[in-house]
Structure formats: C-alpha cells, structure tokens
Amino acid sequence: MAVGLLAGGASVALARCEDHVPQPKPQNASRDIVGTDLDTIRERGFMTFAAYEEFPPWSYEVNGKPVGIDIDIARLIAADLGVEARFNLVAAGENLDADLRNWVWKGPVVGGSVANVMMHVPYDSDFACRIEQVVFTGRYHVEEIGIAYRRDAYPEDPPVPAYFWFDTVGVENDSIADFYLTAFPGGQLSGNLTRYPTMAEAMAALAAGETKAAMGPRAQLEHGLTPDLDLHLPPLPGFAVGNWTVGVAVHFAYRPLAYAVDDAIYAAIEDGRMEKIFADYGVTFRPPELR
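Parameters at a glance
Residues numbered from 1 in each chain as written. Predicted model: local features only at pLDDT ≥ 70, side-chain atom pairs only at ≥ 80, totals over all residues. Heavy atoms only, no water. UniProt positions renumbered as here; feature names shortened; annotations may be inferred. Patch = residues over 30% accessible without salt bridge, like charges linked within 9 Å, V, L, I, M, F, W, Y side chains within 5 Å. Areas by Shrake-Rupley, 256 points an atom, 1.4 Å probe, with all protein chains shown as cover. Salt bridge = Lys/Arg side-chain N within 4 Å of Asp/Glu carboxyl O. Lys, Arg positive; Asp, Glu negative; His and termini not counted. Charge placed at Lys NZ, Arg CZ, Asp CG, Glu CD. Helix = DSSP H or I, 4+ residues; strand = E, 2+ residues; numbered from the N terminus. Buried < 20%, exposed > 50% of the residue type's maximum accessible area, 1.4 Å probe, protein only.

The protein carries the name Transporter substrate-binding domain-containing protein in an unreviewed UniProt entry, which gives Sedimentitalea arenosa as its organism. The annotation that UniProt attaches to the protein under Sequence similarities (unreviewed entry) is "Belongs to the bacterial solute-binding protein 3 family." The annotation that UniProt attaches to the protein under Subcellular location (unreviewed entry) is "Cell envelope".

Q: Describe a negative patch on the surface, naming the residues involved and giving the relevant values.
A: Residues Glu53, Glu54, Glu61 and Glu201 make up a contiguous surface patch of negative charge. Checked against the element boundaries, Glu201 lands in helix 8 (residues 199-207). For Glu201, a relative accessible area of 38% puts it in the partly exposed group.

Q: Account for unusual backbone geometry, with residues named and values stated.
A: At the junction of Pro56 and Pro57, the peptide bond is cis and its omega measures out at 5° in the coordinates. Inspection of the secondary structure puts Pro57 in the loop between strand 1 (46-52) and strand 2 (60-62). Residues other than glycine seldom take positive phi values, yet Glu54 does so here, at roughly 50°. Although it is not a glycine, His120 sits at a positive phi angle of roughly 60°.

Structure below.
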C-alpha cells in the first residue's frame, strides 16, 4: 500500500517539478561513501540511522545510549526489515541542505560517513524538487507550534503572542518561534524574549519560574511539561509555517530501501505502533495525510 502511495506521490512531484532545472549528479568516490542497497543491508544484518543529538524527545542520550521517538521509530523500521539498528547522533548543520549532504548523499568533510536513513527530515515539496540526491519519504508526524505556560501566571486565559508585550517568554535561539516573536509586531516583544540554547532548557527555565511562557514545537513543549505547566495551540497571526510534516531521507540511488522504509512506517501508523511510541514520551501523535 505504501509503495503505491509513494508512486502516486511521485507523479504529483514530477508534475510540480517539471519546470525545475536538474542539478549535476554528484560524482561519488565509492559505494561505501554513498550508502548501501537493501540487499546488502539485509545480508550484513544492520542498517545505520542519522539522528540529531541533544534533541529531546526525538533523539538524545541517556547513560550513553540513544533514546527518543526517532530512535524508537528507527528501531521499528530496522525490525521490520529484519536487521539491527545502529545510530549516529549528529549535530545540526547550518541548514537542512548541509545535513542532507553530510549524512545522506555525500558525507562530511572530516569524520563520519553517510547513514542509510536520516530521521526527522522536514518535508517540503519545493525543497524536494531542488535536492535531487535525496528521496524524501516515510512521513510520520505533523509538528506544530504551540505555547507552554505557567498555570499560576495564566489561571483563566492562556497567553497569545500579544501578551508578550508585558510578559516573559522563552524560545530556542534561532528557532522559528524566535524569528516569529522577534518580528512580531515590529520587534516590540524583544525586551521580554529570553533565548536558550535548546528548547529543553527553555522548558526547564519555565518550570523554574524564570519565564511565564515558552514557545516552540508542540512535541518539545509536551515533553518538558510539569504539573505546574500547560500548553495550548493559539492562532498565530502572520505565521507562514505554523506546522510541517516530518519524515525520513534516503539516498536517491537506493529507492528499494526507500520503499521498504516507507512501508514499515506506514504499517506502524496503521496498526497503532507509531502512536504508542509517541505516547511513551508523553507526546501527542498527529499522523500526516497519507491518502
């Protein structure tokens, strides 16, 4: 079923991309650098996944071992293919182009190698047209921006962005929530905006009473909630990207692998295993439109 969905999606993508000027295909030095086909993965008994480091609840380390929603989804994929999952937790690059180049289709300049699958890749059809070296597939969740807040600070009405003219709010530095609040309206909220290195630190600061609210992706807000906190999803005027779909990326040369990964993810959404993974981390699962 999922293969059929991929094929249908491919025809739509081709129509959308028909005016796109193709890029020169990369000249790769060896098969080891650019990935591994599905048959070889099954023969050797393991597959490799790239996931972002220090990115709870999606991918992070506890006692030196990788954990998180993306880690559990990767293990589910590997189990469906009958192999072991191995992980490379990587730092986010300057942009998604760099991450895909380093961990999917070319490899980093210094240290490391590409993975068979990269987790937690935002899906955008126009971007997919431009990055021809990558197959974007296996969509598994729709993320959205929300606001977490202290119950004692807002006992009746949850805060909306306009409240931050007067009230303090935490964000992850250089995140879309940071950019949105910095620009809204005309930079007048800047004085009450506190930037943290990660969303987890912003939520910890909120729990400690350093701010009255925190704004960011719903999953990260939910993961950091305490009994004193709550969250909501208010309308966000002028927010161009209030939600987005997350999936995986595979090297363009290994489409049978992409189909197998997509099948595994689709089956897990259909039979409830995907929702259980999210529930295990206290996160609301919002499945993408697959039809």
